[in-house]
Amino acid sequence: KPAAGFEGVKRISYEDIGGLKGELQRVRETIELPMRHPEIFRKLGIEPPKGVLLYGPPGTGKTLIAKAVASESGAHFISIAGPEVISKYYGESEQRLREVFEDARQHAPAIIFIDELDSIAPRREEVTGEVERRVVAQLLTMMDGLEERGQVVVIGATNRLDAIDPALRRPGRFDREIEIGVPSEDDRVQVLHIHTRGMPLADNVDINLIAQQTHGFVGADLAALAREAAIKALRRYLPEIDLEAEEIPPEILEKMEVQGKDFRD
Ligand code: ATP
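This text gives an overview of the structure that appears in the document. As the structure is a computational prediction, the values presented were derived from the model and not from experiment. (Residues numbered from 1 in each chain as written. Predicted model: local features only at pLDDT ≥ 70, side-chain atom pairs only at ≥ 80, totals over all residues. Heavy atoms only, no water.)

We now examine the overall build of the protein. Along its length, the protein carries 11 helices and 5 strands. With 265 residues in all, the protein has 45% of them scored as buried. A total accessible area of about 14,500 Å² is found for the protein, and carbon and sulfur atoms account for 51% of it. (Helix = DSSP H or I, 4+ residues; strand = E, 2+ residues; numbered from the N terminus. Buried < 20%, exposed > 50% of the residue type's maximum accessible area, 1.4 Å probe, protein only. Areas by Shrake-Rupley, 256 points an atom, 1.4 Å probe, with all protein chains shown as cover.)

Given below as structure tokens:
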């Protein structure tokens, strides 16, 4: 049976990621390359990484990158969120982690994505709960036990790099750190193109101008902006739509088509 979190994972391609070219390149070098060609690393006498930390503000594309690398390299993808691992029942959190790693081993090549890593692996001085201490210990054990061929890689994501237990950031664990930052204007243009590509845009929509005006917006904000704009456009047609009707009359759907693109897709 697939691990929890695996079902329903949409295939994400590199084309779905706006900006972040350098970051994606580094993630691919560190994860995809050893997964596809372990012989290169053997030849150079270096060990592929077992863990990579993606850090940066919420909504910047950390999850997106992890999913894309898994989809594009054909790796099994297991996603867990830190808080969901923490259980108040004795031993349950450790058991959950063991299951995740076992599932990854069985389905290798595999990527284990741990979102909100700081919540399961906080710095020890920040640790209040006994559970967190045991979970960090278990995670360390699992990562140390990973075979050194790069066929199972753990990607951790966090908004607070300094909140992660330093023991997890030592060599052989999460020893690569890649910052996923707030997008630049050029990157925002790309993100906006991605999130409007299925939409019928009116001729006067100027993506470059919107990118200029959205300083500080992250990918998730830009995606929401595009969605909101579409909903707002939809409201204009609502008075014409009979909500009780079985089907929307084709004339109305046709009106929503601009530039020959179809609103129904
Ligand atoms: P969190 O720290 O909250 O988990 P995250 O960095 O993992 O955030 P994602 O889940 O990857 O953020 O992004 C949320 C959504 O925002 C994505 O599903 C996507 O629709 C959009 N998005 C974010 N960044 C990008 C990007 N660089 N290109 C295209 N879409 C993006």
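At 3.6 residues per turn, the α-helix brings residues three or four places apart onto the same side. Over its 15 residues, helix α5 (residues 92–106) runs 21 Å from end to end, which matches the ideal 21 Å to within 8%, given 1.5 Å per residue. Taken as a whole, α5 has its buried residues at Ser 93, Glu 94, Arg 96, Leu 97, Val 100, Phe 101, Asp 103 and Ala 104. Against β2 (76–81), α4 (82–85), β3 (110–115), α7 (130–144) and β4 (152–158) lie the buried residues of α5. (Expected span 1.5 Å × (residues − 1). Contact = heavy atoms within 4.5 Å.)

At their nearest, the axes of helix α8 (residues 185–196) and helix α10 (residues 219–237) sit 9 Å apart, and the two run at 40 degrees to each other. Overall, the two elements α8 and α10 adopt an arrangement that is oblique. When you trace α8 past α10, the crossing you get is right-handed. Between α8 and α10, the residues in contact are Arg 188, Val 191, Leu 192, His 195 and Thr 196 and Gly 219, Leu 222, Ala 223, Leu 225 and Ala 226, respectively. (Axes fitted to C-alpha atoms, helices over the stretch in contact; angles between N-to-C directions. Parallel < 35°, antiparallel > 145°, perpendicular 65-115°, else oblique. Left-handed = near helix turned anticlockwise from the far one by under 90°.)

Quick look at unusual backbone geometry now. Cis peptide bonds are those with omega within 30 degrees of zero, and the linkage from Ala 108 to Pro 109 qualifies with 0 degrees. Examined against the element boundaries, Pro 109 turns out to sit in the loop between α5 and β3. In this model, Leu 20 sits at a positive phi of 55 degrees, which is unusual for a non-glycine residue. Among the structural elements, Leu 20 can be located in the segment before α1 (21–36).

Let us now look at a nonpolar patch on the surface. On the surface, Leu 33, Ile 40, Leu 44 and Ile 46 cluster together into a nonpolar patch covering about 340 Å² of accessible area. Owing to a relative accessible area of 34%, Ile 40 belongs among the partly exposed residues under this scheme. (Patch = residues over 30% accessible without salt bridge, like charges linked within 9 Å, V, L, I, M, F, W, Y side chains within 5 Å. Salt bridge = Lys/Arg side-chain N within 4 Å of Asp/Glu carboxyl O.)

The next thing to look at is the nonpolar core. Phe 101, Ile 112, Leu 117 and Leu 139 are the most contacted members of the largest nonpolar core, which totals 29 residues. The set of elements that each furnish at least two residues to this core consists of β2, α5, β3, α6 (117–120), α7 and β4. Broken down by element, this core gets its largest block of residues, 7 residues, from α7. Apart from residues no more than four positions distant in its own chain, Ile 112 is found in contact with Ile 78, Val 100, Phe 101, Ala 104, Val 152, Val 153, Val 154 and Ile 155. In this structure, Tyr 14, Val 52, Phe 113 and Ile 178 belong to the second largest nonpolar core, which totals 24 residues. (Core = buried A, V, L, I, M, F, W, Y, C linked by side-chain atoms within 4.5 Å.)

Of all the bends found along α1, the most pronounced is centred on Arg 28 and spans about 35 degrees. Among the residues of α1, Leu 24, Val 27, Thr 30, Ile 31, Glu 32, Pro 34 and Met 35 are the ones counted as buried. On the buried face of α1, the contacting elements are α2 (38–44), β1 (51–55), α3 (62–73), β3, β4 and β5 (174–179). (Bend = angle between axes of the 7 residues up to and from the residue.)

This part covers the packing of α1 against α3. Each pair of packed helices gets described by two things: the angle between the helix axes and the distance between those axes. Orientation of α1 relative to α3, taken along the N-to-C sense of each, is 35 degrees, at an axis distance of 11 Å. The hand of the α1/α3 crossing is right-handed. Two secondary-structure elements touch here, α1 through Leu 24, Val 27, Ile 31, Glu 32, Met 35 and Arg 36 and α3 through Ile 65, Val 69, Glu 72 and Ser 73. The residue makeup of the contact of α1 with α3, split by class, is 6 nonpolar, 1 polar and 3 charged. (Nonpolar A, V, L, I, M, F, W, Y, C, P; charged D, E, K, R; others polar.)

Our focus in this paragraph is the packing of aromatic side chains. Summed over all chains, the structure comprises 1 aromatic pair. With a centroid separation of 6.2 Å and 25 degrees between ring planes, the pair formed by Phe 77 and Phe 113 is classed as stacked. With Phe 77 in strand β2 and Phe 113 in strand β3, the pair connects residues that are 36 residues apart, well separated along the chain. Judged by its relative accessible area of 2%, Phe 77 falls in the buried class. (Phe/Tyr/Trp six-rings, centres within 6.5 Å; stacked < 30°, edge-to-face > 60°.)

From the geometry alone we can't say anything about function, so treat these as descriptive.
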